[in-house]
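Observations on the model geometry
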Amino acid sequence: RRTLRWLWRFTYLGVIGFLGYTGYTIYLLRTPSEQDEADPRKKTLVILGTGWGAVSLLKKLDTENYNVIVISPRNFFLFTPLLPSCTTGTIEHRSIMEPVRNILRHKKTTVKYYEAEATKIDYQKKVVYINDDSEIKGDTSSTEVPFDMLVVGVGAENATFGIPGVREYSCFLKEVGDAQQIRKRIMDCVETASFKDQSPEERKRLLHMVVVGGGPTGVEFAGELQDFFEQDLKKWVPEIVDNFHVTLVEALPNVLPMFSKQLIDYTEKSFKEESITIRTKTMVKNVTDKTIEAEFTRPDGTKEKEILPYGLLVWATGNALRPVVKDLMSQIPAQKDSRRGLAVNEYLVVNGTENIWAVGDCAIANYAPTAQVASQEGAFLARLFNSLAKTETINAELANLSVEQAKATGEERTQALNNIKALQKQLRRVKQIGPFEYSHQGSLAYIGHDKAVADISWLSGNIASGGTITYWFWKSAYVNMCFSTRNRMLVLVDWVKSYIFGRDVSRE
Ligand code: FAD
Ligand code: NAI
């Protein structure tokens, strides 16, 4: 009984502590302190983008050292790993968005934000041309922003490889708007298939959900969609049961090429059990409003043409360069051999420039284009810029002290010399920033039916695991990685909500 009493006291204190901590965190989030004004004499650091790379830089940057200006057409950070869950309403899209204004308002010194797209970077004139592409425009909707230092973190756009019909007829899965469009179209296909007098072939076509691209985006979306069907659609629209079908089309011999062989096999086996068809070695060549035309490579190497009718087509075949990045590359001779993005050195400086850095999907630093890489690169740049600023301040102080020391005599001179030594020591410590080194934590992907796969780096080896326990690991890892306490809470509430009440099948 004594033990029980102690246990009860500990639990009680634990709960009170947790509630207190959460309450205090929320209070801090809601009440940002006064900010210092940026000093116009300091260098202007312009950051393009509000994605993984840029936000990770902003989070750790000491903004009092620079005049920081952020430019991005998206005034929020998007937690992309949970975006596939928004396509079916398992998670609401606002739960994984964090307003950039909140992020910037919590910095010590003010940061300017312009909701605009960078249309051109003139690296010699040190100017970025920007354009307000939003619905509402003022008298001025395009202008230029000069910079002393520039960080390009604009990410990438969807690769279509110039395949006809892709842009017109398919949905992508990169932004919040894409997920909303997919969610709407799934229900549109379902309701149209149930329309009075719809022919059986047309019903079958409308309920054929095709995903092109067997990378993690395509696999996660296919898994989420099948879950939606199994757990909700089947119940509320029983007439579609016989015809609803998900097909994943991949040009390579297997899906998830970046995962270990064992997990690829596990995923393919799980998809089979979930009744998702995987069509590997099938390269899509053309898309029309109702069909995709693909080329299948038989085991003997011969090719076969196939026509697949579809109702919904989701295109997830990876990344392509954004026009602003392409344009910048074309201005810099040192970038002429780079094809997939801005080639950078080990300090993430864009090759051929001195004051432009690149992070994330638009930079080529020999790592995969992932959130993990982008956020580590952003954090590295924050450390580098903080250290550069400190170095400059110390150098200025040293210069002053040297003048003082030259004029001083006796005790004062000794004091000045001691100060110089202390500053030189500080300078050596600050300067010790090595080149960027990526630390791979592992890869995770949800594959549907409450299962996930994980290739986790552990000590100097790798642990590959797949299944329901991995799914709980996936959930806890991603909820932990969410940007803020608010995001974390919203995501948890969404999970509980869709578990208890099911997903919403209304078409907005
Ligand atoms: P982004 O995060 O894409 O941000 C680019 C920013 O630049 C945006 O704010 C955009 O609005 C802005 N921008 C665009 N054009 C301009 C312009 N002209 N001027 C100014 N700003 C501009 N990676 C993982 O490691 N783990 C995962 O689980 C994972 N899941 C994913 C799921 C999905 C559905 C997707 C699409 C990607 C996923 N990724 C994942 C990959 C990851 O999201 C990207 O690698 C990461 O977002 C790259 O970060 P970034 O900062 O380079 O670009
Ligand atoms: P991807 O580049 O990883 O995969 C695209 C796939 O599409 C490739 O396997 C390619 O062979 C295939 N493909 C290309 N053209 C095709 C065609 N015409 N017909 C059929 N198949 C075709 O792209 P994805 O999945 O969008 O991922 C982009 C990046 O984001 C990757 O670096 C990925 O690692 C990362 N990411 C990571 C996630 C995770 O870790 N869970 C989730 C989503 C993305």
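Going by the structure above, here's the rest.
The text that follows walks through the structure, step by step, so that each part is easy to find. Values in this document were obtained by computation on a predicted structure and should not be read as measured data. (Residues numbered from 1 in each chain as written. Chains lettered and ligands numbered in written order. Predicted model: local features only at pLDDT ≥ 70, side-chain atom pairs only at ≥ 80, totals over all residues. Heavy atoms only, no water.)

Details of a nonpolar patch on the surface
Judged by side-chain polarity, Trp-8, Tyr-12, Leu-13 and Ile-16 come together as a nonpolar surface patch covering roughly 490 Å² of accessible area. Residue placement: Trp-8 occurs in helix 1 (residues 2-30). (Patch = residues over 30% accessible without salt bridge, like charges linked within 9 Å, V, L, I, M, F, W, Y side chains within 5 Å. Areas by Shrake-Rupley, 256 points an atom, 1.4 Å probe, with all protein chains shown as cover. Salt bridge = Lys/Arg side-chain N within 4 Å of Asp/Glu carboxyl O. Helix = DSSP H or I, 4+ residues; strand = E, 2+ residues; numbered from the N terminus.)

Here we look at helix 14 (residues 485-501)
Taking 1.5 Å of rise per residue, the 17 residues of helix 14 would be expected to cover 24 Å, and the 24 Å separating its terminal C-alpha atoms lies within 8% of that figure. Listed as buried for helix 14 are Thr-485, Asn-487, Val-491, Asp-494, Trp-495 and Ser-498. Taken together, the buried residues of helix 14 touch helix 1, strand 4 (97-99) and helix 13 (468-481). (Expected span 1.5 Å × (residues − 1). Buried < 20%, exposed > 50% of the residue type's maximum accessible area, 1.4 Å probe, protein only. Contact = heavy atoms within 4.5 Å.)

Some words on the layout of surface pockets
Taken as a whole, the second largest pocket encloses approximately 460 Å³ of empty space. Surrounding the second largest pocket, 22 residues form its lining, Gln-231, Tyr-471, Lys-475, Trp-495 and Tyr-499 being those nearest its centre. For the lining of the second largest pocket, a count of residues per class yields ten nonpolar, five polar and seven charged. (1 Å grid on protein atoms, 1.4 Å probe; cavity = no way out; pocket = protein on both sides within 12 Å on 5 of 7 lines; lining within 4 Å. Points joined across faces, edges and corners; volume = space filled by probe spheres on them. Nonpolar A, V, L, I, M, F, W, Y, C, P; charged D, E, K, R; others polar.)

Looking at a positive patch on the surface
Positive charge collects at one region of the surface, where Arg-1, Arg-2, Arg-5 and Arg-9 lie side by side. For Arg-5, the location among the structural elements is in helix 1. (Lys, Arg positive; Asp, Glu negative; His and termini not counted. Charge placed at Lys NZ, Arg CZ, Asp CG, Glu CD.)

Notes on the nonpolar core
Nonpolar side chains in soluble globular proteins tend to end up buried together. Membership of the largest hydrophobic core comes to 66 residues, with the highest contact counts inside it found for Leu-82, Ile-96, Leu-233, Phe-244, Leu-312 and Trp-474. Among the elements that line this core, the one with the most residues is helix 6 (residues 176-193), at eight residues. When residues no more than four places from it in sequence are discounted, the contact partners of Ile-96 are Phe-77, Leu-78, Phe-79, Leu-82, Leu-83, Cys-86, Ile-91, Asn-487 and Val-491. In this structure, Leu-61, Val-68, Ala-118 and Val-152 belong to the second largest nonpolar core, which totals 57 residues. (Core = buried A, V, L, I, M, F, W, Y, C linked by side-chain atoms within 4.5 Å.)

Concerning the site of ligand 1
If you check the shell around ligand 1, you find 30 residues, and the closest are Gly-53, Thr-80, Ala-118, Asp-361 and Tyr-478. Thr-50 is positioned with one of its side-chain polar atoms (N or O) 2.9 Å from an oxygen atom of ligand 1. Contact distances for ligand 1 include 2.6 Å between an oxygen atom and a side-chain N or O atom of Thr-80. Bound to the protein, ligand 1 loses 90% of the 990 Å² it would expose on its own. Looking at the shell around ligand 1, the elements that each hand over two or more residues are helix 2 (52-60), strand 2 (67-72), strand 6 (117-122) and helix 11 (371-407). For the shell around ligand 1, the residue count by class is 13 nonpolar, twelve polar and five charged. (Near = heavy atom within 4 Å. Polar contact = N/O pair within 3.5 Å; in protein donor to acceptor, adjacent residues only side chain to side chain.)

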